Amino acid sequence: MQVVMLLYPRMTQLDLTGPYEVLDRFEELNLHLVWKTLDPVPDVYGLRILPTDTLAGSPQADILFVPGGPGQISLMEDKDVLSFLRRQASGARYVTSVCTGSLVLAAAGLLTGYRATCHWLSLGQLAYFGAVPVSERVVTSGIDFALTLAACLFGEGRAKRAQLAMEYDPKPAFVGGTPASAKPELVASLREANAAFQKEREAVARRAAAALQIA
């Protein structure tokens, strides 16, 4: 099976590398990191990742995957990327994402009528595209997502084996990794710190949703 994983500037690399770490352990899967060129692609903090294929040269995906990150904003109005995702999704068995990667899929018209999620600061924006926003861990945690997908594809036993091989047994250092478990003042401070960026993301989401309705 061909796994096509989209790279793009200013993505959150953990959204990509977490699932990659899991899925590359299954010999039935061929992983492809794709972008417009084969030049190194910088994540939001400058870590550079090499694509293996271009959008034009990518194989047809059985599993299509989009990570999240601040660079997602520009992708929502990138006609080349949106067209690529639509073409790939038409022949894919699974169309997947982590975090705000779902907003890119939504902008391509691929989540209309489906339950979907993203980062809690932007969760409500999915509704602009006719998706049903939900808050569930498996669709916001990259490693958990990939293990769940592996269990669907190859059975729970093999997924558990991969989890053990990674020694993946998370115990967060602190309670408070979600708005529901964090103290209200901490949630409020993070909202305030991200207010300007979220205003920009909101505006782009509204424009992308309007463009999708026109199309």
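Structure shown above.
Being a predicted model, the structure only gives us computed values, none of them experimental.

So, the overall build of the chain
Right, so step 1: Along the backbone of the chain there are eight helices and nine strands.
Right, so step 2: Computed over its C-alpha atoms, the radius of gyration of the chain comes to 17 Å, within 12% of the 17 Å expected for a compact globule of 215 residues.
Right, so step 3: With the principal axes as the frame, the chain shows a C-alpha extent of 45 × 45 × 35 Å.
Right, so step 4: Across the chain, the centroid of the 20 positively charged side chains sits 5 Å from that of the 21 negatively charged ones.

Notes on the sheet that holds strand β6 (residues 63-66)
Right, so step 1: What the five strands build is an open sheet, ordered β5-β2-β1-β6-β7; its pairing is parallel. The sheet terminates laterally at β5 (53-54) and β7 (94-97), the two strands that pair on one side only.
Right, so step 2: By the bridge criterion, two bridges tie strand β2 (residues 30-35) to β5 in an arrangement that is parallel. For Val34, the partnering residue across the bridge sits in β5 and is Asp53.
Right, so step 3: Against the sheet, helix α5 (residues 142-154) touches β6 and β7, its axis set at about 165° to β7.

Topic: the pairing of β2
Right, so step 1: Burial runs high along β2: five of the six residues are buried.
Right, so step 2: Considered for its hand, the β-α-β crossover made up of strand β1 (residues 2-6), helix α1 (residues 13-23) and β2 is right-handed.

Some thoughts on unusual backbone geometry
Right, so step 1: Here the phi dihedral of Arg10 falls at roughly 65°; this positive angle occurs in a residue that is not glycine.
Right, so step 2: If you trace the backbone, Arg10 turns up in the loop between β1 and α1.
Right, so step 3: The backbone of Glu167 sits at a positive phi, close to 50°, despite the residue not being glycine.
Right, so step 4: Following the sequence through the fold, Glu167 ends up in the loop between α6 (156-165) and α7 (184-193).

Remarks on the environment of Ala106
Right, so step 1: For Ala106, the position within the fold is in helix α4 (residues 101-107).
Right, so step 2: Expressed as a C-alpha distance, the spacing of Ala106 and Ala205, which sit 99 residues apart in the sequence, is 9.3 Å.
Right, so step 3: Ignoring any residue separated from it by four or fewer positions in sequence, one finds Ala106 in contact with Leu111, Leu126, Phe129 and Leu212.

Some points on the pattern of salt bridges
If charged atoms from side chains of opposite charge come close, those side chains can pair.
Right, so step 1: Tallied over the entire structure, the rule returns seven salt bridges.
Right, so step 2: Measuring nitrogen to oxygen at the nearest pair gives 2.9 Å for the salt bridge that ties Lys160 to Glu156. Of this pair, Lys160 and Glu156 both sit in helix α6, separated by four residues, roughly a single helical turn.
Right, so step 3: When its relative accessible area of 51% is taken as the criterion, Glu156 is described as exposed.

Observations regarding the state of the cysteines
Right, so step 1: Counted by the stated rule, this structure contains zero disulfides.
Right, so step 2: Summary of cysteine pairing: Cys99 is not part of a disulfide, and the nearest cysteine sulfur, belonging to Cys118, is at 6.6 Å.

So, how was this worked out
Residues numbered from 1 in each chain as written. Predicted model: local features only at pLDDT ≥ 70, side-chain atom pairs only at ≥ 80, totals over all residues. Heavy atoms only, no water. Helix = DSSP H or I, 4+ residues; strand = E, 2+ residues; numbered from the N terminus. Rg over C-alpha atoms; globule rule 2.2 N^0.38 Å. Lys, Arg positive; Asp, Glu negative; His and termini not counted. Charge placed at Lys NZ, Arg CZ, Asp CG, Glu CD. Pairing = 2+ DSSP bridges. Contact = heavy atoms within 4.5 Å. Axes fitted to C-alpha atoms, helices over the stretch in contact; angles between N-to-C directions. Buried < 20%, exposed > 50% of the residue type's maximum accessible area, 1.4 Å probe, protein only. Right-handed = clockwise from strand over helix to strand, strands pointing away. Salt bridge = Lys/Arg side-chain N within 4 Å of Asp/Glu carboxyl O. Disulfide = S-S within 2.5 Å.

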